[in-house]
Amino acid sequence: QAKNEGRNCFKYFSEELTRAARERIGIEFRLRQAIENNEFRVFYQPQLAIGSGEIIGAEALIRWQTAGGELIPPLKFIPIAEETGLISNIGNWVLKEACRQGKEWLDAGLPRIRIAVNLSTHQFLHSDICAIVANTLAETGFPADYLELELTESALMKREKEAIDILNRLHELGTHLAIDDFGTGYSSLAYLKSFPLDILKIDKSFIDDIPMQNDDMEITATIIAMAKTLRMQVIAEGVETPAQMAFLSSRNCDFYQGYFASKPLPADEFAAFLRQHVPDPVY
Ligand code: C2E
Ligand code: MG
Ligand code: MG
Ligand code: MG
């Protein structure tokens, strides 16, 4: 009986693996052509100040719309792009497109906001990211002061000394630096002190169960307090409800990003959102 179950289990897993492996190879193959075929888009999700309700920035988030019209979410292809090194091409494209768009919005007289771009570990450590950022800013004319770069804990922890050196050079260019998904990696708050970072983004998983989970509320409050001690600004990610907003406001969290304000939007819809936005000082 047990043996049989074991065998079924193995069969099940191997079928699953084959299916996953096949999907993976398919995606890798199609990724290679996607840039040339112009299948990537950048969506923008607003970031708002909790005190004034003003839009202070936008996060640039990649979208892959295949020629067949299929919309593939980033979590399905970014990890594959990362492992194959394709991420550098894709990430550089996102960086350039976001800067180009940001410059266009500045020139059009839209409210001046920061644009945050995600950098993958590979992009951060294995390409000359400082030169790439400098060239992109020069080519697009987007001011460095409006560009924010989001790094993950794993990117920073992998080669600490080198990471600090790269961060310092990115700072010298005038860009702002954020740590993304904070709390999901292995870095401690004390460890954070050694990195020259301006902004801390609290991972959505801590925000999700506010106000039901006391633990999550305490962790969130502690992260906010520690970030302030380190003179970093704090953004809560994935904010969806008024209860979450009330809690974050009571703990003096600076900014938030989430469906409560807006989902990530195509560029034209984001521009309209930015133009029409009436700040709500309650939040
Ligand atoms: P992230 O950088 O932490 O981005 C935030 C993610 O949370 C986005 O998912 C956003 O749509 C989602 N989100 C924001 N507010 C809410 C909310 O209130 N509720 C829910 N349920 N979700 C919310 P998205 O766009 O699917 O991106 C997922 C991840 O893919 C990103 O997480 C980032 O790690 C990666 N990614 C996206 N674009 C890029 C890129 O251009 N380069 C790199 N390296 N990674 C990217
Ligand atoms: Mg991010
Ligand atoms: Mg995040
Ligand atoms: Mg939770």
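Predicted, not measured: the structure shown is a model, and the values here were computed from it. (Residues numbered from 1 in each chain as written. Chains lettered and ligands numbered in written order. Predicted model: local features only at pLDDT ≥ 70, side-chain atom pairs only at ≥ 80, totals over all residues. Heavy atoms only, no water.)

Draft legend 1. Representation of the overall build of the protein. Secondary structure assignment for the protein yields 12 helices and 10 strands. In terms of overall dimensions, the protein is globule-like: its C-alpha atoms have a radius of gyration of 20 Å, near the 19 Å expected for 283 residues. With the principal axes as the frame, the protein shows a C-alpha extent of 65 × 50 × 40 Å. Within the protein, the proportion of its 283 residues that are buried is 45%. Long-range pairs, those at least 24 residues apart, make up 69% of the contacts in the protein with a sequence separation of at least 6. By element, 53% of the accessible surface of the protein is carried by carbon and sulfur atoms, the whole surface being about 14200 Å². The centroid of the 28 positive side-chain charges in the protein is displaced by 4 Å from the centroid of its 40 negative side-chain charges. (Helix = DSSP H or I, 4+ residues; strand = E, 2+ residues; numbered from the N terminus. Rg over C-alpha atoms; globule rule 2.2 N^0.38 Å. Buried < 20%, exposed > 50% of the residue type's maximum accessible area, 1.4 Å probe, protein only. Contact = heavy atoms within 4.5 Å. Areas by Shrake-Rupley, 256 points an atom, 1.4 Å probe, with all protein chains shown as cover. Lys, Arg positive; Asp, Glu negative; His and termini not counted. Charge placed at Lys NZ, Arg CZ, Asp CG, Glu CD.)

Draft legend 2. Spatial organisation of unusual backbone geometry. Cis geometry marks the peptide bond from Ile210 to Pro211, where omega comes out at 10°. At Asn38, a residue that is not glycine, the phi angle is positive and equals roughly 60°. Relative to the helices and strands, Asn38 resides in the loop between α1 (2-34) and β1 (40-49). Residues other than glycine seldom take positive phi values, yet Asp181 does so here, at roughly 50°. Mapped onto the elements of the fold, Asp181 is located in strand β6 (residues 176-182).

Draft legend 3. Representation of the coordination of the magnesium ion (ligand 2) in the model. Distances from the magnesium ion (ligand 2) to its protein donors, Glu59 (OE), Asn118 (OD1), Glu150 (OE) and Asp180 (OD), fall at 2.0 to 2.2 Å. Counting the intervening residues between successive donors of the magnesium ion (ligand 2) yields the motif E-x58-N-x31-E-x29-D. In this structure, the magnesium ion (ligand 2) is positioned 4.0 Å from the magnesium ion (ligand 3), and both are ligated by Asp180. A residue pair is termed long-range when its members are at least 10 positions apart, and Asn118 in strand β4 (residues 114-118) and Glu150 in strand β5 (residues 147-152) qualify at 32 residues. A relative accessible area of 28% places Asn118 in the partly exposed class. On the basis of relative accessible area, Glu150 is assigned to the buried category, the value being 1%. (Donors = N, O, S within 2.8 Å, 3.2 Å for Na, K, Ca; no water.)

Draft legend 4. Fine view of the coordination of the magnesium ion (ligand 3). Only Asp180 (OD), Asp181 (OD), Glu237 (OE) and Glu237 (OE) from the protein reach the magnesium ion (ligand 3) as donors, at distances of 2.0 to 2.4 Å. Read in sequence order, the donor residues coordinating the magnesium ion (ligand 3) give the pattern D-D-x55-E.

Draft legend 5. Just the pattern of salt bridges, in detail. Summed over the entire model, instances satisfying the criterion amount to 16 salt bridges. A salt bridge links Lys103 to Asp107; the nearest nitrogen and oxygen atoms lie 3.2 Å apart. Taken as a pair, Lys103 and Asp107 lie in helix α3 (residues 87-107) at a separation of 4 residues, close to a single helical turn. Here Lys103 falls in the partly exposed class, since its relative accessible area comes to 27%. Here Glu237 and Lys201 are joined by a salt bridge, their closest N and O atoms 3.8 Å apart. With Glu237 in strand β8 (residues 233-237) and Lys201 in strand β7 (residues 199-202), the pair connects residues that are 36 residues apart, well separated along the chain. By relative accessible area, Glu237 is classed as buried at 11%. (Salt bridge = Lys/Arg side-chain N within 4 Å of Asp/Glu carboxyl O.)

Draft legend 6. Layout of the nonpolar core. Counting residues in each nonpolar core, the largest one holds 79 residues, and the members touching the most others are Leu31, Phe124 and Leu200. A total of 8 residues in this core trace back to one element, the largest contributor, which is α3. In contact with Phe124, other than residues within four places in its own chain, are Ile129, Leu151, Ala155, Leu156, Ala163, Ile166, Leu167 and Leu170. Ranked by size, the runner-up nonpolar core spans 5 residues in total, among them Ala49, Ala178, Ile199 and Phe255. (Core = buried A, V, L, I, M, F, W, Y, C linked by side-chain atoms within 4.5 Å.)

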